[in-house]
Amino acid sequence: MMKKKNISASKASLVLFLCQMVSALDVPLDSKLLEELLQPPTIIQQSPKDYIVDPRENIVIQCEAKGKPPPSFSWTRNGTHFDIDKDALVTMKPNSGTLVVNIMNGGKAEAYEGVYQCTARNERGAAISNNIVIRPSRSPLWTKEKLEPNHVREGDSLVLHCRPPVGLPPPIIFWMDNAFQRLPQSERVSQGLNGDLYFSNVQPEDTREDYICYARFNHTQTIQQKQPISVKVFSMDSLNDTIAANLSDTDIYGAKPVTERQPVLLTPTGSTSTKVELRGNVLLLECIAAGLPTPVIRWIKEGGELPANRTFFENFKKTLKIIDVSEADSGNYKCIARNTLGSAHHVISVTVKAAPYWITAPRNLVLSPGEDGTLICRANGNPKPDITWLANGVPIAIAPEDPSRKVDGDTIIFSHVQERSSAVYQCNASNEYGYLLANAFVNVLAEPPRILTPANKLYQVIADSPALLDCAYFGSPKPEIEWFKGVKGSILRGNEYVFHDNGTLEIPVAQKDSTGTYTCVARNELGKIQNEVQLEVKDPTMIIKQPEYKVIQRYGQVSFECIIKHDPTLLPTVVWLKDNDELPDDERFLVGKDNLTIMNVTDKDDGTYTCVVNTTLDSVSASAVLTVVAAPPTPAIIYARPNPPFDLELTGQLERSIELSWVPGDENNSPITNFVIEFEDGLHEPGVWHYQTEVPGTQTTVQLKLSPYVNYSFRVIAVNEIGRSQPSEPSEQYLTKSANPDENPSNVQGIGSEPDNLVITWESLKGFQSNGPGLQYKVSWRQKDVDDEWTSVIVANVSKYIVSGTPTFVPYEIKVQALNDLGYAPEPLEVIGHSGEDLPMVAPGNVQVHVINSTLAKVHWDPVPPKTVRGHLQGYKVYYWKVQSLSRRNRRHVEKKILTFRGNKTFGMLPGLEPYSSYKLNVRVVNGKGEGPASPDKVFKTPEGVPSSPSFLKITNPTLDSLTLEWGSPTHPNGVLTSYILKFQPINNTHELGPLVEIRIPANESSLILKNLNYSTRYKFYFNAQTSVGSGSQITEEAVTIMDEAGILRPAVGAGKAMASRQVDIATQGWFIGLMCAVALLILILLIVCFIRRNKGGKYPVKEKEDAHADPEIQPMKEDDGTFGEYSDAEDHKPLKKGSRTPSDRTVKKEDSDDSLVDYGEGVNGQFNEDGSFIGQYSGKKEKEPAEGNESSEAPSPVNAMNSFV
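By convention here, each chain's residues receive numbers from 1 onward along its written sequence. Local features in a predicted model are, by the rule used here, given only for residues with pLDDT of at least 70; side-chain atom pairs are given and counted only at 80 or more, and totals for whole chains, interfaces and linings are based on all residues. Processing note: side-chain calculations cover all non-hydrogen atoms of the structure and skip hydrogens and water entirely.

Peer 1: Would you mind showing me how to read the overall build of the protein here?
Peer 2: The secondary structure listing takes helices from DSSP runs of H or I that are at least 4 residues long and strands from runs of E that are at least 2 residues long, numbered from the N terminus. When its secondary structure is counted, the protein shows 7 helices and 87 strands. Here a residue-residue contact requires only that any non-hydrogen atoms of the pair lie within 4.5 Å. Pairs at least 24 residues apart make up 65% of the contacts formed inside the protein by residues separated by at least 6 positions. Every accessible area reported is derived by Shrake-Rupley at a probe size of 1.4 Å, with residue values counting cover from the shown protein chains alone. When the accessible area of the protein is evaluated, it comes to approximately 65,000 Å², of which 51% is carbon and sulfur surface.

This is how it looks when you write it as structure tokens:
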């Protein structure tokens, strides 16, 4: 495997330098070793940077460090040496740097305020602590103040100020009453972040004299109390009553009742504010509003979303809380207070700054003399922190010079270090919001090799499993490790061993012959040491007789066998489980050496029984199902799946084939039809079984083809008509030799993801297809049709390679060849791929539109040159949209439609156009990347079409001989309307249609009075609009002219055409005779009722009211009591009088008749209630109500006539 790469001398030296840096030593965490090695000091415990102490207790300033030899300690205070020997109250703990200031023996904590720093020093260097700021806590008393009572009108807002004393740390604020009960809070009443109590609107129940603010100082466990605050809420009703009692009747008090108010923000004030928070802290934003009803608060972030998992709302959503803030949380946050009357808002501009935080903190460095290394200190913050270095606590600029040391910004580079180069370096990263300080030592050691693994340690593994032999070591310089087998064995090499960096030897597949003594040798330039360990490879534990599926009758006895084979040096234990749980605690279950017996079987014993065999090194199990059935009337043959084959044996081992034989298990009354052979690759996919082949049920041997570099195990499954058996126990393992790959990756493709690259992908070979270790792929490519050499690269563990810097969309020849440590696979096939596409460069030209009809057009264009497509031509897109309707001249919202024409088509049809409209279109070419530029917009117009149906047709104002028609113009005229066509025809009682009459109406009309129609006749109307192209779809309606009041037939008089009227003599109709009889009976009942009421309620002067009117119709009932007017005694026996009607076209003298419906108002709206009294108007209307809209009116019928009295 040769890679052609040119590396400059500077790059080569950099690579060598980095490799040397990586070789810096790791010191094992071995307690004995750590006690013996020299080590610079390391600070392991210290007090916090900001240390607030209780002034009543001793001050303990911690500083603990480790090192070899043990370090000594010193302190500075406020930047100068702190001599603890001169202060009797200050002591240092033995073997420690921790200071104790004895305040309880008369000292004052305030005298020890300051900035302290600890230094731990030994012969290898000096480490320093953070600057520890000591401050005693403070819990001052509240300043005395005179608090005036608060008199507030109901509904107004109120703020009760707390103003706690400034303490260290700040106190926790809460409000309580005199009974030490917390005051209830709600959306209306709540405490702000500053401790004040806010009322959005006060209510009468807020009146009280014990609003008390408490401040709790946790550090000193003290609570301070403010003077109680009194609040008096007065309502306008009570105030008016009080004032009214003290005013005369002439005084006027104009106090307004409680009125609702829209929200106003109490805090924060104004429309905007700013907030600065540090990265990693909790951001708290608050908005509290006044208003009635109580406003509801909502939060949004302008131009973004609130972080989903870090946002919380507190204090009834008045407080927005975002935890662990970062720079991404900067921005404008808006709170919106809203009630039913309006809203108010406030914008808080949040800026997130950051104290320094580590990107790469410096790490301890252990080097050998002459080695190289680096200390890297990288931190970030906002603003960017400054990085400064110290050596043994002294700024590096004034520290003693070290020729092996070079400072380069945030990095210290060490070259060819010596033991005198050992030191402790401090990195300080600081900005205006804080600082970070880290100690990292450079420890230069010259140590001969040491092996930390105990001598003659015994390792035991199961055959065919990995064996790991430890050789933990240390030395400086880093020792080289070699392994030998036996006392005088040769050094171990080859593919059957894996050598780990920590000295461990791995045998991937340990065999019985791997047993023996292994020697680990560690050597460096200062010495050599060796250690021996023992490996024992044990035989695997196997279940040679597995429990079998059993069907047992209820109350019978059943036994499961579990016979095992194991290594004689291992002690197995056998455990039985039922349904993967312990056996029931039941004396019926008897566990023997090789079996499980269940006595007196019951239904609850049904389930799966598992035999689990455990040793100290492995575990195996086998299961069988027990089915409990009722006793059958006669014994039946039990058919079951076959038992698994056993005694698998491998013979005739060759490089590419092997013979497998086996012994069939019991076929359980159903002959075995075939055997399925599966294999496991313990090297690449342990535990995964693959199908190999299958043979007929009469065959018990098979010759199997093998692949190189596969650790084969085989198992056999027997199949009969009932099903498949459990798999047999695996055969012994067989590791085939390595070879060149036989095949190359499949599905090789080359598709660019960007205009300047080519992405080559393939399907990787499976593990057993690699044929050997070190599977890699040789990826080759060259531009097609160009005299160019193949470019190749070898990659591993990937299935994709990206070639950059290619021309846009050019063909490439591509091939991917597999190789391993033994060589290459056969020459692969070449495939053609393309580099990445880019958007097309030009638009289609010569766009032409041919309008075929009013709804269809055909568009043509010239194809674009293939080179300008710059990708796979997918087709063309036609964008078209309606500009305006030519009939209405009104523009509307442009809704563009898109049609895609696949391939290299140069024309297409545009369906679904609207007639008589103006359209625009353009054409664009499409490739795999997207669309190219659009062609210039092409304008075309569609011709007129037939219109849609009129939007409505209403028939109103029916009379004896006329109807009024009203209509709306078509929703889609699709052209210039030329006229409307009205057709109508009468319909008789049997729904037969009469002659059809057609009328043409000018297009500018919207109504028509149709005269000279037959009375009491149903007509059907057909109505449509026309353009120059033709008639549109029609709309139909039906309507009825009203009945002649006298029931006399009258001929129709036509103005042009005479329409035949229906000559029907109603008096001869049976339904009319029956109707008149019913009416006469009703009139008789009515007269009787009137007579009875006259006798009970007085006289009814109807005659006087008739004489007072020109039209002698009987007047309606009185509105106040619903009674009729009284009759005079002289008129009691006279019939009711009704004037006759005179039609407009001729006079018909009508004789008085008690039998005529029209004498009683045509039977309209009159009815009797349950006691027989008449309800409604006594006389009818003079004319029928006209039909409204386009609803059909029914012709008079007996049913309709009777319904008017029901």
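Peer 1: Is there a simple way to think about the packing of aromatic side chains in this case?
Peer 2: Aromatic rings considered in pairs are described by the distance between their centres and by the relative angle of their planes. Only rings of Phe, Tyr and Trp enter the pairing, Trp through its six-membered ring, and a pair is recorded when the two centres are within 6.5 Å. The plane angle decides the type: under 30 degrees is stacked, over 60 is edge-to-face, the rest tilted. Counted according to the given criterion, the structure contains 20 aromatic pairs. Considering the side-chain rings of Y712 and F714, the 5.4 Å spacing of their centres and the 5° angle between planes classify their relative orientation as stacked. Exposure class is identical for Y712 and F714. Each is buried. Of the aromatic side chains, those joined through ring pairs into one cluster are F174, F180 and Y214. The rule is short: NZ of Lys or CZ of Arg within 6 Å of the ring centre and within 35 degrees of the ring normal puts a charge over the ring. Its end group placed over the ring of F560, K550 keeps NZ or CZ at 5.6 Å from the ring centre. Summary of the burial criterion: residues with accessible area below 20% of their type's maximum are buried, those above 50% are exposed, and those between are partly exposed, where the area comes from a 1.4 Å probe applied to protein chains only.

Peer 1: How should I be thinking about the sheet that holds strand β52 (residues 581-582) in this particular structure?
Peer 2: Backbone hydrogen bonds hold the strands of a sheet together, and the pairing may be parallel or antiparallel. Spatially, the 5 strands line up as an open sheet ordered β48-β56-β55-β51-β52, and their pairing is mixed. Each edge of the open sheet is held by one strand with a lone partner, namely β48 (550-553) and β52. Pairing between two strands requires that DSSP report at least two bridges joining them. Note that β48 and strand β56 (residues 619-629) share 4 bridges and pair parallel. Looking at β56, one finds that I552 is bridged to V628.

Peer 1: Explanation requested: the pattern of salt bridges in the structure shown.
Peer 2: Opposite charge on two side chains allows them to pair when their charged atoms are near. One speaks of a salt bridge when a side-chain nitrogen belonging to Lys or Arg is within 4 Å of a carboxyl oxygen belonging to Asp or Glu. Under the definition given, this model contains 37 salt bridges. Residue E536 pairs with K538 through a salt bridge whose shortest N-O separation is 2.9 Å. For K538, a relative accessible area of 7% puts it in the buried group. A salt bridge links R588 to D586, with the nearest nitrogen and oxygen atoms 3.1 Å apart. Connected via shared salt-bridge partners are D177, R208 and D210.

Peer 1: Where do I start with the state of the cysteines in this structure?
Peer 2: In protein chemistry, a disulfide is the covalent bond that joins the sulfur atoms of two cysteines. Counting rule for disulfides: a pair of cysteine sulfur atoms within 2.5 Å. Under the definition given, this model contains 6 disulfides. The residue that forms a disulfide with C63 is C118, at a sulfur-sulfur distance of 2.0 Å. In this structure the cystine formed by C63 and C118 twists about its S-S bond by roughly -70°; its chirality is therefore left-handed. Of this pair, C63 sits in strand β4 (residues 63-68) while C118 is found in strand β9 (residues 114-122), placing the two residues 55 residues apart along the sequence. The class for C63 is buried, based on a relative accessible area of 0%. Disulfide partners in the protein, listed by the sequence order of the bonded cysteines, are 1-2, 3-4, 5-6, 7-8, 9-10, 11-12.

Peer 1: Looking at this structure, I do not really get the confidence of the model for the protein. What am I missing?
Peer 2: Fine structural detail should not be taken from predicted coordinates in areas where pLDDT scores are low. Known as pLDDT, the predictor's per-residue confidence is scaled from 0 to 100. This prediction gives the protein a mean pLDDT of 83; 83% of its residues lie at or above 70. Note on residues 1-23: pLDDT under 50 across the span, and 14 contacts to partners over four residues away in sequence or across chains. Here residues 1098-1206 scores under 50 on pLDDT; set against residues more than four positions off or in separate chains, the count is 171 contacts.

Peer 1: Explain the nonpolar core to me, please; I cannot follow it from the model alone.
Peer 2: Across soluble globular proteins, nonpolar side chains show a tendency to be buried alongside one another. Counting 30 residues, the largest nonpolar core has I59, I61, W75 and I134 as its most contacted members. Looking at this core, the elements that each hand over two or more residues are β2 (50-53), β3 (59-61), β4, β5 (72-77), β8 (99-101), β9 and β11 (132-136). A per-element tally of this core places β9 first, with 3 residues. Excluding residues within four positions of it along the chain, I59 makes contact with V53, L99, V100, V101, I103, A109, Y112 and I134. Residues enter a nonpolar core if they are buried and are Ala, Val, Leu, Ile, Met, Phe, Trp, Tyr or Cys, with the set joined through side-chain atoms within 4.5 Å.

Peer 1: What is the right way to read the environment of W358 from this model?
Peer 2: On the secondary structure map, W358 appears in strand β28 (residues 342-360). Taking the C-alpha atoms as reference points, W358 and N380, separated by 22 residues in sequence, lie 6.4 Å from one another. Residue contacts for W358: discarding those within four places in its chain leaves C377, R378, A379, C427, L436, L437 and A438.

Peer 1: Hey, could you run me through the pairing of strand β24 (residues 296-301) in this one?
Peer 2: The side chains of a regular strand alternate between the sheet's two faces. Side-chain alternation along β24 places I297, W299 and K301 on a buried face and V296, R298 and I300 on a face that remains uncovered. Bridge count for β24 against strand β27 (residues 331-339) is 6 bridges, and the pairing is antiparallel. Its bridge partner being in β27, W299 is matched across the sheet by C335.

Peer 1: For this particular structure, what's the right way to read the sheet that holds strand β77 (residues 917-927)?
Peer 2: One open sheet accounts for 4 strands, arranged β75-β74-β77-β78; its pairing is antiparallel. Edge positions in the sheet fall to β75 (897-902) and β78 (938-941), since each of these pairs with one other strand and no more. Geometrically, the sheet is characterised by an average inter-axis angle of 30° between neighbouring strands, direction not taken into account. Pairing geometry for strand β74 (residues 873-885) and β75, over 6 bridges, is antiparallel. Within β75, the position partnered with G875 by the bridge is R902. In this description, a line fitted to the C-alpha atoms serves as the axis of each element, helices being fitted only across the stretch in contact, and the angle between N-to-C directions of two axes falls anywhere from 0 to 180 degrees.

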